[in-house]
Amino acid sequence: MQTYPLALFEEYMARDTSMAYPMDTVLVLRFDGLLQRQALEESVRLAATRQPLISGRLQSQGRQLFWTVEKTDFRVEWIDYDSNPTVLNSQGYPKTEPLDLTRAPIVRFFVIESPSEHWSRFVLQIHHSNTDGMGQMNLVHDILFLYGQQVGAIDPNLPLAPVDVDKLKLRYPVGWSLKSYLRNYFHTMRSTWQLAIVAPKPLVSMTRPDMNAPEKDAPHSIALPFTKEETAQYIRRAKSYGVTVNDLLLCDYYKTTTQWRHAKGVVAPRGKNRVMTPINMRQKEHENIPLTNIVSTVFIDRTERQIKRPYRRLLEGIHREMQWVKRRDQRYVFLLALKVLRCLPGSLDFFLKMPTCRATGVLTNLGRVLNSSAIPHNDQGQIVLGDVVLTHLEPISPIRYKTAIAIVAFTYANELNLGLHYDSRVVTEQDARLFLNLLKRQALLGEEIESF
C-alpha cells in the first residue's frame, strides 16, 4: 500500500464534486463491429495497472487529503443493448452513476454492444481529480494499443512507452519561481481580482437543486462533427487571421451565446460572460508521467456589449488576451489561488460552496487525439483493430452548479468534433441542439454573420 497526498488541482476537483454535479469525465468510443471480450479485458487490466492513482481511494487525515493506493482488480462490465436498451439515455449515451472517491478503483470500464446491429461502445468513466483530458487519452491509447496486439493487428513485440511512477511528484509544484512571480506581480493581481471579486453571469437562470440527488439519466450530451473539408476550412481561417484555432473557438462561442439568447427571446443579463478554459501545463519533464492532472485554467471575460462588437475586433481582443496569458504566465494564477486558499483553514471549502456562478461555460480543446502511428488507421484516418473500426469518440467533461454547459473540441480522423454536455435540469435537449447548431454555423461562417 502506498499513499500520495493530493496535488492542488486534484484537491480542487475532489472537494468540488457532489452527487448533483460529479466531477466525473466520461469518454465514449463508438466501434463498428463487436469487441473481443477476452482481448479487451486483458488490455484494460494491463493498461490500468500501469496507473497508480486510479487504483487509489480518497482518505483524509485532518485537513490533508491523500490517495491510498492498493492492489486493484480492474474489470470490464459487459451490457447487451439488445436485451437492455434502456442502458442508453435519449441522446444515445450510457447512463452513469457518480463515482465514489472513497472506494477503489476510481474508474469504471464498460462495454455496451448490440450483436444484432453489430456495434460496440467502450466507455471509460473516471474522476477529474485523477486525471486531465490528456491523461485520459493516454490511457485509452494504451488500451487500444494493447488490444491491437491481443487481436494481431499490432506487432506483439512492440513495447508501450514506459511510465515513470517517480515522476508523480512533479505534479505538486505550482511552477512559479519567486522571480517570475515578482516580474508578473501587477498582472497577477489583476487576474486574481477578476477571479475572486467579479462574479460572471450564468447562461440561464437557475435555482440550486438538491446537491445530494444525481441528475436523472446523466450525462446529457450532444456531439456534432465537422467534415474533413469544413475542418480544413476552419484551420485555414484561423491561419488567415493570424490566431490559433482555440482563439477562434472562443470568439465563436461568445458570438453563439448572444445568438442563442436572441433565438430564445431571452434578455442578456448585465455583467460578464466568462469562459473557463483548461490549460495544459505539461512540459518536457512530464514525459512518461502516469495518469494525473498537469493542468490549470484561465478565465476569459466579455460583456454583452463587447460580444456584439464586429467579429474581427472581438477575435483580435481574445487573441491579445491569450497571448498576454502566455507572456505573463497567467496560467499559474488559478493554481496560486488554490494554494493560498488551501493554506487558510476552511477557505477552499468555503470558496467551493459559494452559490455564485464561477463560469458561464467551459471550453476545452483537446487538439488532435489518438493519431499515434503505432496504431493502424484506414484511409479515412480511423483506427482499425482487427474486425472493429473506431468511427467516433465523444469525451464529456463535467459541469457544475450555474455552469450549465461544457464544450469539448477535438480532432479525430482529420475531423473537428464539438461535444456539448448540458445540465438537463435547466437546459432542454432542444435548446442544447440549438446552441450546438448555432455554434457550428458561426464557426463555418465567421464574420459573415452580421445579424447579431
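Above this note sits the structure.
On a predicted model such as this, the values are computed, not experimentally measured, just so you know. Counting from 1, residues in each chain are numbered in the order their sequence is written. With pLDDT at 70 or above as the cut-off, local features in this predicted model cover only qualifying residues; side-chain atom pairs require 80 or more to be listed or tallied, and sums for whole chains, interfaces and linings still use all residues. Side-chain metrics rest on all non-hydrogen atoms present in the structure, leaving aside hydrogens and water.

A.B. asks: Help me understand the overall build of the chain in this model?
C.D. replies: What counts as a helix is a DSSP run of H or I of at least four residues, what counts as a strand is a run of E of at least two, and both are numbered from the N terminus. Helices and strands together make up the secondary structure of the chain, namely twelve helices and 15 strands. Atoms counted for the radius of gyration: C-alpha only. Globule rule: 2.2 Å times the number of residues to the power 0.38. Relative to a compact globule of 452 residues, whose C-alpha radius of gyration would be 22 Å, the chain shows 22 Å and is just as compact. Structurally, the chain occupies a C-alpha span of about 55 × 50 × 45 Å along its principal axes. Residues count as neighbours in contact if any of their non-hydrogen atoms are within 4.5 Å of one another. Restricting to contacts in the chain with at least 6 residues of sequence separation, those with at least 24 account for 78%.

A.B. asks: Is there a simple way to explain the nonpolar core in this structure?
C.D. replies: Burial of nonpolar side chains together is a common tendency in soluble globular proteins. We define the nonpolar core as a collection of buried residues of types Ala, Val, Leu, Ile, Met, Phe, Trp, Tyr and Cys that are connected through side-chain atoms lying within 4.5 Å of one another. Burial here depends on accessible area, computed with a 1.4 Å probe over protein chains only, as a share of the maximum for the residue type. Under 20% is buried, over 50% is exposed, and the range in between is partly exposed. With 85 residues, the main nonpolar core has Tyr 12, Leu 248, Tyr 254, Leu 420 and Phe 435 as its most contacted residues. Once residues lying within four places of it in the same chain are set aside, the contact partners of Leu 420 are His 220, Ser 221, Ile 222, Ile 405, Ala 406, Ile 407, Ala 432, Phe 435 and Leu 436. Of all hydrophobic cores here, the second largest spans 42 residues; its members include Phe 74, Val 140, Phe 410 and Tyr 412.

A.B. asks: In this structure, what is going on with the side chain of Arg 30? I would like to understand it.
C.D. replies: Secondary-structure assignment places Arg 30 in strand E2 (residues 24–32). Look past the residues within four positions of Arg 30 in its chain and what remains in contact with it is Gly 92, Tyr 93, Ser 120, Arg 121, Val 389, Leu 390, Thr 391, His 392 and Glu 394.

A.B. asks: Just checking my understanding: could you explain the layout of surface pockets for this structure?
C.D. replies: Over the atoms a probe the size of a water molecule is rolled, and this reveals where empty space is left. Size it by volume and the second largest pocket reaches roughly 380 Å³. A cavity, in this analysis, means grid points on a 1 Å lattice covering only the protein atoms where a 1.4 Å probe fits yet has no way out; a pocket is instead an open set bounded by protein on both sides within 12 Å along at least five of seven lines, and a residue lines either one if it has an atom within 4 Å of a point. In terms of lining residues, the second largest pocket is bounded by 16 residues, among which Arg 15, Asp 16, Thr 17, Ser 18 and Lys 353 are the most central. In this classification, Asp, Glu, Lys and Arg are treated as charged, Ala, Val, Leu, Ile, Met, Phe, Trp, Tyr, Cys and Pro as nonpolar, and every other residue, Gly included, as polar. Looking at side-chain class alone, the lining of the second largest pocket contains eight nonpolar, two polar and six charged residues. Grid points are joined across faces, edges and corners, and a volume is the space filled by probe spheres set on the points.

A.B. asks: For this particular structure, what's the right way to read the packing of helix H7 (residues 245–264) against helix H12 (residues 429–445)?
C.D. replies: For any two helices packed against each other, the geometry comes down to the angle between their axes and how far apart the axes lie. Between the N-to-C directions of two axes lies an angle of 0 to 180 degrees, each axis being a line fitted to C-alpha atoms and, for a helix, fitted only over the stretch in contact. Their axes nearest at 9 Å, the elements H7 and H12 cross at an angle of 130°. Taken together, H7 and H12 sit at an angle that is classed as oblique. Handedness of the crossing formed by H7 with H12: right-handed. Residues Asp 252, Tyr 253, Lys 255, Thr 256, Thr 257, Gln 259, Trp 260, Ala 263 and Lys 264 of H7 lie in contact with H12, whose contacting residues are Asp 431, Leu 434, Phe 435, Leu 438, Leu 439, Arg 441, Gln 442 and Ala 443. Per-class residue counts for the contact of H7 with H12 are eight nonpolar, four polar and five charged. Roughly parallel here means an angle under 35 degrees, roughly antiparallel means over 145, roughly perpendicular means 65 to 115, and every remaining angle is called oblique. Should the near helix be turned anticlockwise from the far one by less than a right angle, the crossing is left-handed, and should it be turned clockwise, the crossing is right-handed.

A.B. asks: Would you mind showing me how to read the sheet that holds strand E11 (residues 361–368) here?
C.D. replies: Each strand in a sheet pairs with another by means of backbone hydrogen bonds, the pair being arranged parallel or else antiparallel. In spatial order, the strands read E8-E15-E14-E11-E9-E10; together these six strands make up an open sheet with mixed pairing. Two strands close off the open sheet at either side, each with one partner strand: strand E8 (221–225) and strand E10 (295–303). Across the sheet, the axes of successive neighbouring strands diverge by a mean angle of 20°, strand direction being ignored. Bridge analysis of strand E9 (residues 272–280) against E11 gives two bridges, and the strand direction is parallel. Any two strands between which DSSP finds at least two bridges are classified as paired.

A.B. asks: Teacher, can you tell me more about the packing of aromatic side chains here?
C.D. replies: Two measures describe an aromatic ring pair: the distance that separates the ring centres and the angle between the ring planes. Pairs were defined over the aromatic rings of Phe, Tyr and Trp, the Trp ring being its six-membered one, requiring ring centres within 6.5 Å. Orientation was assigned from the angle between planes: stacked under 30 degrees, edge-to-face over 60, tilted for the rest. Within the structure shown, the criterion is met by eleven aromatic pairs. Summarising the aromatic geometry, the rings of Phe 9 and Tyr 12 are spaced 5.5 Å apart at their centres and angled 70° between planes, so their arrangement reads as edge-to-face. Of this pair, Phe 9 and Tyr 12 both sit in helix H1 (residues 8–16), three residues apart, roughly one helical turn. For the ring pair Tyr 253 and Tyr 254, a centre distance of 5.8 Å and an interplane angle of 70° mean the geometry is edge-to-face. Exposure remark for Tyr 254: the relative accessible area of 0% places this residue in the buried category. A connected cluster of aromatic rings, assembled from ring pairs, spans Phe 9, Tyr 12, Phe 299 and Phe 334. Each ring is checked for a lysine NZ or an arginine CZ that lies within 6 Å of its centre and within 35 degrees of its normal; such an atom marks a charge sitting over the ring. The residue whose ring lies beneath Arg 121 is Trp 119, and the NZ or CZ to ring-centre distance is 4.5 Å.

A.B. asks: Looking at this structure, how should I read the side chain of Thr 131?
C.D. replies: Within the element layout of this structure, Thr 131 appears in the loop between strand E7 (119–127) and helix H3 (133–150). For Thr 131, the contacting residues outside a window of four places in its chain are Ile 126, Gln 136, Leu 291, Thr 292 and Asn 293.

A.B. asks: Just checking my understanding: could you explain the environment of Asn 417 for this structure?
C.D. replies: Positionally, Asn 417 belongs in strand E15 (residues 415–422). Using a relative accessible area of 10% as the deciding quantity, one classes Asn 417 as buried. Separated by 165 residues in sequence, Asn 417 and Asp 252 place their C-alpha atoms 14 Å apart. Residues within four places of Asn 417 in sequence aside, it is in contact with Leu 224, Pro 225, Val 408, Ala 409, Phe 410 and Tyr 412. N or O atoms within 3.5 Å of each other form a polar contact, as long as, within protein, one can give a hydrogen and the other can take it, and as long as residues adjacent in sequence are counted only when both atoms are side-chain atoms. A polar contact of 2.7 Å, which involves the side chain of Asn 417, links it to the backbone oxygen of Glu 415.

A.B. asks: Please clarify how the sheet that holds strand E13 (residues 388–396) should be interpreted in this entry.
C.D. replies: Taken together, six strands build an open sheet; the order of strands is E5-E6-E7-E2-E13-E12 and the sheet is mixed. Strands with a single pairing partner mark the edges of an open sheet, and in this sheet they are strand E5 (76–80) and strand E12 (383–385). Each neighbouring strand pair of the sheet contributes to a mean axis angle of 25°, computed without reference to strand direction. Both strand E6 (residues 107–114) and E7 contribute to a ladder of eight bridges, which runs antiparallel. Of the residues in E7, the one forming a bridge with Phe 110 is Val 123. Packing of helix H2 (residues 37–48) onto the sheet brings it into contact with E5, E6 and E7, and relative to E5 it is tilted by some 150°.

A.B. asks: Just checking my understanding: could you explain H3 for this structure?
C.D. replies: Here, expected helix span is obtained from the residue count minus one, scaled by 1.5 Å. For H3, which comprises 18 residues, the first-to-last C-alpha distance of 26 Å matches the rise-based estimate of 26 Å (1.5 Å per residue) to within 8%. Burial within H3 is extensive, with 14 of its 18 residues counted as buried. The first or second residue beyond H3 is Gly 152, which carries a positive phi of 85°.

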